[in-house]
Amino acid sequence: MPSPSPRGTYQVISQALRERIAAGAYVDGLPSEAEIGREFGVARTTVRRALHALEESGDIKTVAGVGRSVAGGAGTAPYEQIMTDLLEQIRRGELPPGTRLPSEADLADKYGVARGTVRRAVRELETAGHVEARHGVGRFVSFPS
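Computed from a prediction, not measured in an experiment: that's the story for all the values here.

Another point: the overall build of the protein chain. Along the backbone of the protein chain there are 6 helices and 4 strands. Traced from its N-terminal end to its C-terminal end, the protein chain shows the element sequence α-α-α-β-β-α-α-α-β-β. Among the 145 residues that make up the protein chain, the fraction classed as buried is 30%. For the protein chain, the accessible surface area stands at approximately 9,000 Å², while carbon and sulfur atoms represent 51% of it.

Rendered as structure tokens:
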């Protein structure tokens, strides 16, 4: 019977992963929980605690539908990419206040995503106050307050 893992094993794992992140080992995203568990010889719950510690410290982020990736890395969710692009267009003046945003269908075609993805991006911009919806008319860039 193997000896039980010492307390704090998840901290050892999170530190090893943190060092790999700093070295640029995970540009395409982190390995799965199962792969990390096999590598370190621990249960999945221990791996989850290690990953949670990395998420809490801001080293990694979990993106729904994408997985875990290095924070600030290329694993950004499509809706976040659209949101960032639209916000940049607003800030540069390409979409000035009062301008109607393109339709969801047009944005979905432009970015090559589903309309639901566009809807989420625009809803996030609405929540942040950058865009306002006018029922039956469309969504418009908000005027600064």
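Still to come is the rest of the account.
On to the pattern of salt bridges. One pass over the structure, following the stated rule, counts 12 salt bridges. Note that Glu-33 is salt-bridged to Arg-48, the shortest N-O span being 2.9 Å. In this pair, Glu-33 is assigned in helix α2 (residues 33-40) and Arg-48 in helix α3 (residues 44-56), connecting sequence segments 15 residues apart. On the accessibility criterion, Glu-33 (13% relative accessible area) is buried. Judged by its relative accessible area of 43%, Arg-48 is partly exposed. Glu-104 is the salt-bridge partner of Arg-139, the closest N and O atoms lying 3.1 Å from each other. Remark: Glu-104 occurs in helix α5 (residues 104-111) and Arg-139 occurs in strand β4 (residues 138-141); sequence separation between them is 35 residues.

Moving on: helix α6 (residues 115-127). Across its 13 residues, α6 extends 18 Å between first and last C-alpha, which sits within 8% of the 18 Å expected from 1.5 Å per residue. Residues of α6 that are buried: Val-118, Ala-121, Val-122 and Leu-125. For α6, the buried positions fall inside an angular range of 90° around the axis, keeping them on one side. Looking at the packing, one finds that the buried side of α6 touches α4 (78-92), α5, β3 (131-134) and β4. The first or second residue beyond α6 is Gly-129, which carries a positive phi of 90°.

As a further point, take the packing of aromatic side chains. Going through the model one piece at a time under the given rule, you end up with 0 aromatic pairs. The positively charged end of Arg-120 is found above the aromatic ring belonging to Tyr-79, 3.8 Å away from the centroid.

What follows deals with α4. Three or four residues apart is the spacing at which side chains of an α-helix point the same way, because the helix has 3.6 residues per turn. A rise of 1.5 Å per residue sets the reference length of α4, with its 15 residues, at 21 Å; its end C-alpha atoms lie 21 Å apart and thus fit the reference within 8%. Those residues of α4 that sit buried are Tyr-79, Ile-82, Leu-86, Leu-87, Gln-89 and Ile-90. Viewed end-on, α4 has its buried residues packed into an arc of 155°, placing them on one side of the element. Where α4 is buried, its residues contact α5, α6, β3 and β4. Immediately beyond the C-terminal end of α4, within one or two residues, lies Gly-93, with a positive phi of roughly 90°.

What counts, and at which threshold
Residues numbered from 1 in each chain as written. Predicted model: local features only at pLDDT ≥ 70, side-chain atom pairs only at ≥ 80, totals over all residues. Heavy atoms only, no water. Helix = DSSP H or I, 4+ residues; strand = E, 2+ residues; numbered from the N terminus. Buried < 20%, exposed > 50% of the residue type's maximum accessible area, 1.4 Å probe, protein only. Areas by Shrake-Rupley, 256 points an atom, 1.4 Å probe, with all protein chains shown as cover. Salt bridge = Lys/Arg side-chain N within 4 Å of Asp/Glu carboxyl O. Expected span 1.5 Å × (residues − 1). Arc of directions from axis to C-beta. Contact = heavy atoms within 4.5 Å. Phe/Tyr/Trp six-rings, centres within 6.5 Å; stacked < 30°, edge-to-face > 60°. Lys NZ or Arg CZ within 6 Å of the ring centre and 35° of its normal.

That's the geometry; what it means functionally is another story.
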